[in-house]
Amino acid sequence: MNNIRIILAGPRGKMGQEALKMIEETPHFELVAAVDSKNDGLQVKDLSGAPQSMEAPVYDDMENCLASIEADVVVDLTRPDIGKIHLELALKHGLRTVIGTTGFSNEDLERLKALAEEKQTGAIIAPNFAIGAILMMKFSQMAAKYLPDIEIIEKHHDQKLDAPSGTALKTAQLITEVREEKKQGHPDEREDLKGARGAELEGIRIHSVRLPGLVAHQEVIFGGEGQVLTIRHDSMNRTSFMPGVRLAVESVMNIEGLVYGLENIME
Ligand SMILES: NC(=O)c1ccc[n+]([C@@H]2O[C@H](COP(=O)([O-])OP(=O)(O)OC[C@H]3O[C@@H](n4cnc5c(N)ncnc54)[C@H](O)[C@@H]3O)[C@@H](O)[C@H]2O)c1
Ligand SMILES: O=C(O)C1=N[C@H](C(=O)O)CCC1
């Protein structure tokens, strides 16, 4: 198998640092450049937390990087506003792309899907790379057919920019594929304090907790007559996401169009 040549955006971030280690440990992956918000002209090994063996150049601008470097896949682990721009630039250059950055709206997804098709290239947007989280979402979709009264509680570290989490939105979307829109709770219920009942997506309530000490956690709670089912997933650290990032990079080499969610590429 030929090496897969990777450009990584966000190499100094919490996810980016883990991704550098994962790339270094994967024999058929090769880091050919990184895109950072600063440090243009340095080598990746000069960045704090980076493996000392990484001799790839750092760019502070994705467009310059794409114009200068031959690569197969762009991996973006930056922030919601930047991830969108990077994905669009990579697709316009015909590069395959793996996006872990969350915060994409339905309109963004539609626009980027059309662009991937037009450019006849592949892209994967994965709101959660943890295999256990994908299973939590699939099990929740199965359970929703039988227990349609559902609330989601997602809990993340307090540096997270977007709410609700991409995982909570994806879970709710998977549930709406098998469940009719439904008004939950008492027909006359009211919020005496605004926000007390959380956000709402087609009748599903979503509650977002942000606290130091947390990484990424979600409970999907199903209520039925005399019973409650809770499906829960916890990421205790960011290495939990790396097998999913590796799978996405390998898979994106063989797909055309935009895939939203790792469940679509898991066997
Ligand atoms: N899909 C998943 O499984 C998953 C898991 C964890 C985090 N995330 C998402 O991944 C993203 C990164 O998370 P994190 O915890 O590593 O965040 P972080 O804040 O630790 O890192 C983000 C990095 O992006 C860099 N950055 C900002 N603007 C940039 C630009 N213009 N060009 C290049 N780099 C830029 C920052 O300097 C920072 O180093 C977030 O959107 C988060 O929601 C997704
Ligand atoms: O740390 C984050 O930010 C995470 N975001 C994802 C989300 O929004 O669902 C999940 C993994 C961690």
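First, a word on scope: everything that follows refers to the structure included in this document. What you see is a predicted model, and the numbers here were worked out from it, not measured in a lab.

What follows is about the pattern of salt bridges. Note that side chains of opposite charge can pair when their charged atoms are close. Throughout the structure, instances matching the rule amount to 23 salt bridges. Notably, a salt bridge pairs Arg12 with Asp36, separated by 2.6 Å at the nearest N-O pair. On the criterion of sequence distance, the pair formed by Arg12 in the loop between strand S1 (4-9) and helix H1 (14-25) and Asp36 in the loop between strand S2 (29-35) and strand S3 (58-59) is long-range, its members being 24 residues apart. The exposure class assigned to Arg12 is partly exposed, which follows from its relative accessible area of 28%. For Asp36, a relative accessible area of 6% translates into the label buried. Arg197 is the partner of Glu189 in a salt bridge, and the nearest nitrogen-oxygen pair spans 3.1 Å. Since its relative accessible area comes to 28%, Glu189 is described here as partly exposed. On the accessibility criterion, Arg197 (18% relative accessible area) is buried. Here the salt bridges share partners, and the residues they tie into one network are Lys84, Glu88, Lys92, Asp108 and Arg111.

Rules of the game
- Residues numbered from 1 in each chain as written.
- Chains lettered and ligands numbered in written order.
- Predicted model: local features only at pLDDT ≥ 70, side-chain atom pairs only at ≥ 80, totals over all residues.
- Heavy atoms only, no water.
- Salt bridge = Lys/Arg side-chain N within 4 Å of Asp/Glu carboxyl O.
- Helix = DSSP H or I, 4+ residues; strand = E, 2+ residues; numbered from the N terminus.
- Buried < 20%, exposed > 50% of the residue type's maximum accessible area, 1.4 Å probe, protein only.

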